[in-house]
Amino acid sequence: MNLRERDREVRELMDDPACDPHLLAATLQRFDTVNRLISGWGRVYRTEVRPLLRRAGRSARVLDLGCGGGDVIARLARWAHADGLHAEWLGVDPDPRALPVARRRNTPGVSFRQADSATLRAEGERFDLVLSNHVLHHLDDTDLPAFAADSLALSRGMVLHADIERSHLAYALYAVGITPLAPGTFLRTDGLRSIRRSFRAGELAAVLPGPAWAVRRGVPFRLLAVGHPDA
Ligand SMILES: C[S@@+](CC[C@H](N)C(=O)[O-])C[C@H]1O[C@@H](n2cnc3c(N)ncnc32)[C@H](O)[C@@H]1O
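The structure reproduced in this document is the subject of the present report.

Thresholds applied
Residues numbered from 1 in each chain as written. Predicted model: local features only at pLDDT ≥ 70, side-chain atom pairs only at ≥ 80, totals over all residues. Heavy atoms only, no water. Core = buried A, V, L, I, M, F, W, Y, C linked by side-chain atoms within 4.5 Å. Buried < 20%, exposed > 50% of the residue type's maximum accessible area, 1.4 Å probe, protein only. Helix = DSSP H or I, 4+ residues; strand = E, 2+ residues; numbered from the N terminus. Contact = heavy atoms within 4.5 Å. Axes fitted to C-alpha atoms, helices over the stretch in contact; angles between N-to-C directions. Parallel < 35°, antiparallel > 145°, perpendicular 65-115°, else oblique. Nonpolar A, V, L, I, M, F, W, Y, C, P; charged D, E, K, R; others polar. Pairing = 2+ DSSP bridges.

1. Description of the nonpolar core
Judged by nonpolar contacts, the single largest core of 28 residues is most densely connected at Trp 41, Leu 53, Trp 89, Leu 129, Leu 131 and Leu 160. It is helix H2 (residues 41–56) that contributes the most residues to this core, six residues altogether. Every residue in contact with Trp 89, bar those within four places of it in the chain, is listed here: Leu 53, Val 62, Ile 73, Leu 76, Ala 77, Ala 80, Gly 109, Val 110 and Ser 111. Listed in part, the 25 residues of the second largest apolar core include Val 130, Phe 147, Ala 212 and Leu 223.

2. Structural notes on the packing of helix H7 (residues 168–177) against helix H8 (residues 187–197)
Interhelical geometry of H7 versus H8 gives an angle of 175° and a closest axis separation of 10 Å. In terms of axis orientation, H7 runs roughly antiparallel to H8. Contact residues: H7 offers Ala 170, Tyr 171, Tyr 174 and Ala 175, while H8 offers Leu 187, Arg 188, Gly 191, Leu 192, Ile 195 and Arg 196. Of the residues contributing to the contact of H7 with H8, the split by class is seven nonpolar, one polar and two charged.

3. Looking at the sheet that holds strand S4 (residues 127–133)
Sheet architecture is open: seven strands sit in the order S3-S2-S1-S4-S5-S7-S6, paired in mixed fashion. Whereas interior strands pair on both sides, the edge strands pair on one side only; in this sheet they are strand S3 (110–113) and strand S6 (213–217). Going across the sheet, the axis of each strand differs from the next one's by a mean of 20°, ignoring polarity. Alignment of strand S1 (residues 60–65) against strand S2 (residues 87–92), held across six bridges, turns out to be parallel. By the bridge assignment, Ala 60 is partnered in S2 with Ala 87. Helix H3 (residues 71–82) rests against S1, S2, S3 and S4 of the sheet, and its axis sits at about 170° to S2.

4. Digging into the pairing of strand S7 (residues 222–227)
Every other side chain in a regular strand lies on the same face of the sheet, so the side chains alternate between the two faces. Most of S7 is tucked away: six of the six residues are buried. Residues Arg 222, Leu 224 and Val 226 line one face of S7 and the alternating positions Leu 223, Ala 225 and Gly 227 line the opposite face, and both faces are buried. As judged from the six bridges shared by strand S5 (residues 155–164) and S7, these two strands associate in the antiparallel manner. Paired with Val 159 across the bridge in S7 is Gly 227. The antiparallel pairing of S6 with S7 creates a hairpin that spans four residues between the two strands, and Phe 221 there sits at a positive phi of about 70°.

Below, the structure is given as structure tokens:
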């Protein structure tokens, strides 16, 4: 597998509107386990989200753009609740197939809505924190800058876009590690395609330039694009 260049052409099976709905629902459901294992939100919660919620006070609003099955925002809400922090949590996704899976989570304080970033921006919505997980690599060269601009416009505090960093080691480890979780889902095919589509740090920094954006490496194989609307 040649991972020297991003593969912008490869498409994920879950992005096909005609894909098998049962496999898609199982995939969205099992993202919960995959995200828990690889996405590094525990550290991002401790270093970024929790301090921001403490500063914002009881009325904080948090938005997860492209929430898919809703596990990331549900987990953040549970951690915050355990820390005695109160916020209003909203997950949105334009794909109607994601919403039933997300809504089944039934996490107190978390709601889900079918919408994309441009719709919320046009409505004038504002949040203290706007975040996403595994959305950037999905987007094409036109949609990514628009999505990033929407996320900055939607935030009065901070933006956190988390994604995979492309590497041969990530590809090899995922190919082996996903084996027990993959049956009955798109996780193997789509995860490997995601790594082929994902950025290296310098590539993402070129798409999301300073001073509004800083691209950081977090836990291994992860990138975190941190946006500051007022920069
Ligand atoms: C791979 S899924 C990630 C799902 C979830 N965040 C996770 O980590 O499991 C990417 C999601 O981004 C959504 N998406 C694409 N463009 C979007 C936009 N402009 N605004 C909000 N969501 C978007 C897609 O519908 C898709 O569900």
